[in-house]
Amino acid sequence: MQKQFTFRLLPSEAADSNIITQYIANSIGKPVSAISGFYITKRSIDGRSKIVWINITIQAFIDEPFYNRPGPQFDFKDVTNVNFTVVIIGAGPAGLFAALKCIEAGVKPIILERGKDVRARRRDLAILNKQGEVNPESNYCFGEGGAGTYSDGKLYTRSTKRGNVDRVLQMLVHFGADEKILYDAHPHIGTNKLPQIITAIRQHIIDCGGEVRFEQKVINLKIVDYELKAVITSDNNVVEADAFILATGHSARDIFKLLHDNKILIEAKPFALGVRVEHPQQLIDSCQYHFDRQGNERPSFLPPASYSLVQQVSGRGVFSFCMCPGGIIAPAATNPSELVVNGWSPSKRNNPYANSGMVVQVEMPDAIAVMKHKRWQIPGLPLPGAEDELGLMHFQKMVEQKAFVAGGGKFVAPAQRLVDFAEKKFSTSLPDNSYLPGLRSADLANVLPPFIYDALREGFKAFGKKMQGRKGTAGYYSNEAVVVATESRTSSPVRIPRDEQTLQHPQIKKLFPCGEGGGYAGGIVSAAMDGERVAAMVVEQLKS
């Protein structure tokens, strides 16, 4: 028979299959020899008490042969010669999963990606990190796999109502991800492993008859009678199709401007902006796993600790975003004069630092109130108005340009020690850190708008009370931590509207906004689910 069990185990026990087998046998009063095998269906860490526990749910096989976890079943078709073609603009999670869904439905996808493939893209990232030079078309945001490829690979999402999370995870396993992502509470692939998975997906799309075209930036649209007929790329290629899925990601400002200039409906969308904060990983481990740092290290069998923090400050939410245990801070700019930072971790999460975005929600009235003052105005950036669709995008650019100037160029980032930041003190020195282009001491009150700066200051103090060190040692609120500006690409500052039923743009037929760039997702999994959902709707309409 097969039976499901849930156990609360010590980390050392949860790491030992023989011990788990003994627990199963004891639970049913049978000898260990009766247990032919098991696989894990859920696993999570509970660090709320002084003893850290692992909650584990397993599927056990008793007195019958063991069968491994059922594998995913996908019906990919040959779409080399089919009746319908869909152009997908962008090769991020939304675009790639939309293409796979099209192939399953017998529709040919043609992906147009402005950037390069993952291997060529890596060379541009090295130049950005080492020489402080950014390629506007090939960077941490643009290129095969989108922003997610070199941004940690976290797969946790709360967007369970938007689609089938398990299907997305199974698809990733199908293309090479570790099956642990199927049962860990906060699944993670790792920046070092994602490129191989993305490459495998691309090759499969091509093998099935689809197309993936790199360095094909869309710069114009051919619209006839409010219907999109073709897109035009930067090398003057005109690409026609039966439908167009727009999956360009949260940083494709040129697409937002293109739509705006063509009087195609878009909307300003609230987003979050702040900083990235980095601590020694051992400090975070000691807070979360409750051990004294003096002469001690993280308990065996436990991964580098993470955290999730939120605090209301004067009616504003201050919250952690994209927390990266054992990770690094990276320059995620897309333009030469704008400084953006992000974080990522390798699969082992074995770097000595832990970093996280710490951000505050930005609404249009906030942007208007700040940018009416001369000290926050930048030549060439229009002042936002209440009905300005690009107003929040301009606000985002303003902060990024302030950060670039404060860093002194070459994507050196302005920074302060955490307590200094909260106490309004200039940092005369900065701690060792992971940010390769380098840090420069600066007063971040001159970079961050006052409502963000003040909310973060109070938020850090509150987080220090929530994550305290043991026996007088430093906790979260520590000058061992460094605050780096600016974390500004949390989500799109623009939403491209779509009909709730058809998922088509309400003004332009055959145009289907999708993923983070459209304002409908916030991470790898939610973007992938939205890509599948939109592709399914496109196919349904094409075949009806």
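Relevant structure appears above.
Residues numbered from 1 in each chain as written. Predicted model: local features only at pLDDT ≥ 70, side-chain atom pairs only at ≥ 80, totals over all residues. Heavy atoms only, no water.

Here's the deal with the overall build of the protein
A count of helices and strands for the protein gives 14 helices and 22 strands. Against the compact-globule benchmark of 24 Å for 544 residues, the protein has a radius of gyration of 24 Å, which places it among compact chains. Dimensions along the principal axes, computed over C-alpha positions, put the protein at roughly 75 × 65 × 40 Å. Taken across its 544 residues, the protein has 58% of its residues classed as buried. (Helix = DSSP H or I, 4+ residues; strand = E, 2+ residues; numbered from the N terminus. Rg over C-alpha atoms; globule rule 2.2 N^0.38 Å. Buried < 20%, exposed > 50% of the residue type's maximum accessible area, 1.4 Å probe, protein only.)

Description of helix α8 (residues 281-289)
Along an α-helix, a turn takes 3.6 residues, which lines up residues three or four apart on a common side. For α8, the tally of buried residues reaches seven of nine residues, placing the bulk of the element in the interior. The inward-facing, buried residues of α8 abut β2 (35-46), β12 (271-280) and β17 (353-362). (Contact = heavy atoms within 4.5 Å.)

Some remarks on the pairing of strand β10 (residues 243-246)
Residue alternation in β10 divides its side chains into two sets, Ala243 and Ile245 and Phe244 and Leu246, and both sets are buried. Pairing of strand β4 (residues 85-89) with β10, which is carried by four bridges, proceeds in the parallel orientation. If you follow valine 86 over to β10, its bridge partner there is alanine 243. Pairing between β10 and strand β22 (residues 511-513): three bridges, direction parallel. Along β22, the bridge assignment pairs phenylalanine 244 with leucine 511. (Pairing = 2+ DSSP bridges.)

Digging into the sheet that holds strand β5 (residues 108-113)
Spatially, five strands are ordered β6-β5-β4-β10-β22 in an open sheet, and the strand pairing comes out parallel. Looking at which strands have only one partner, the edges of the open sheet turn out to be β6 (211-214) and β22. Adjacent strand axes in the sheet meet at a mean angle of 20 degrees when their direction is disregarded. Bridge count between β4 and β5: five bridges; the pairing is parallel. Across the sheet, residue valine 86 finds its bridge partner in β5, namely proline 109. Across the sheet, helix α3 (residues 93-104) lies against β4, β5 and β10, angled at about 165 degrees from β5, the strand it touches most. (Axes fitted to C-alpha atoms, helices over the stretch in contact; angles between N-to-C directions.)

Re the packing of α3 against helix α14 (residues 524-543)
Taken N-terminus to C-terminus, the directions of α3 and α14 make an angle of 40 degrees; their axes are 7 Å apart at the nearest point. Classified by the angle their axes make, α3 and α14 are oblique. The two elements α3 and α14 meet at a crossing, and its hand is right-handed. Contacts between α3 and α14 pair Pro93, Ala94, Phe97, Ala98, Lys101 and Cys102 from the former with Ile524, Ala527, Ala528, Gly531, Glu532, Ala535 and Ala536 from the latter. (Parallel < 35°, antiparallel > 145°, perpendicular 65-115°, else oblique. Left-handed = near helix turned anticlockwise from the far one by under 90°.)

Brief notes about the sheet that holds strand β7 (residues 218-224)
What the three strands build is an open sheet, ordered β7-β8-β9; its pairing is antiparallel. Each edge of the open sheet is held by one strand with a lone partner, namely β7 and β9 (238-240). Geometrically, the sheet is characterised by an average inter-axis angle of 30 degrees between neighbouring strands, direction not taken into account. Sheet topology note: the strand β8 (residues 227-233)/β9 ladder contains three bridges and is antiparallel. If you follow isoleucine 232 over to β9, its bridge partner there is valine 238.

Re the pattern of salt bridges
Taken as a whole and assessed by the stated rule, the structure comprises 27 salt bridges. The salt bridge partner of lysine 229 is glutamate 227, with a shortest N-O separation of 3.1 Å. Members of the salt-bridge network, linked through shared partners, are Arg114, Glu137, Lys217 and Asp254. (Salt bridge = Lys/Arg side-chain N within 4 Å of Asp/Glu carboxyl O.)

Structural notes on the packing of α3 against helix α5 (residues 165-174)
Here α3 crosses α5 at 90 degrees, and the two axes come no closer than 12 Å. Accordingly, the angle class assigned to the pair α3 and α5 is roughly perpendicular. Contact with α3, carried on its side by Phe97, Leu100, Lys101 and Glu104, involves Arg167, Val168, Met171 and Leu172 of α5 and no other residues of that element. Tallied by class, residues from the contact of α3 with α5 come to five nonpolar, no polar and three charged. (Nonpolar A, V, L, I, M, F, W, Y, C, P; charged D, E, K, R; others polar.)

Some remarks on the nonpolar core
Core analysis: the biggest nonpolar cluster contains 143 residues, and Ile245, Met358, Phe395, Leu448, Leu456, Phe460 and Tyr476 have the highest contact counts within it. Considering every element that reaches this core, the biggest residue donor is α14, with 11 residues. With 26 residues, the next largest nonpolar core counts Val239, Ile255, Met393 and Ile508 among its residues. (Core = buried A, V, L, I, M, F, W, Y, C linked by side-chain atoms within 4.5 Å.)

Regarding the side chain of serine 320
Mapping serine 320 onto the fold places it in strand β14 (residues 316-324). Discounting chain neighbours no more than four positions away, the residues touching serine 320 are Tyr307, Ser308, Leu309, Ser356, Gly357 and Met358.

Things to note about the packing of aromatic side chains
Under the definition given, this model contains 13 aromatic pairs. On the numbers, 5.8 Å between centres and 35 degrees between planes, the contact of phenylalanine 74 with phenylalanine 76 is tilted. A residue is classified by how much of its surface remains accessible, and phenylalanine 74, at 18% relative accessible area, is buried. Classification of phenylalanine 76 as buried rests on a relative accessible area of 18%. Between phenylalanine 463 and tyrosine 476, the ring centres sit 6.1 Å apart and the planes meet at 85 degrees, which makes this aromatic pair edge-to-face. Placement of phenylalanine 463 in helix α12 (residues 450-466) and of tyrosine 476 in the loop between α12 and β20 (482-487) is noted, with a sequence separation of 13 residues between them. In this pair, the class of phenylalanine 463 matches that of tyrosine 476, namely buried. Taken together, the ring pairs in this structure connect Tyr307, Phe421, Tyr453, Phe460, Phe463 and Tyr476 into an aromatic cluster. A cation over an aromatic ring shows up here: arginine 114 above the ring of phenylalanine 142, its NZ or CZ 4.0 Å from the ring centre. One residue, arginine 498, lies across the ring of tyrosine 520, its end atom 3.7 Å from the ring centre. (Phe/Tyr/Trp six-rings, centres within 6.5 Å; stacked < 30°, edge-to-face > 60°. Lys NZ or Arg CZ within 6 Å of the ring centre and 35° of its normal.)

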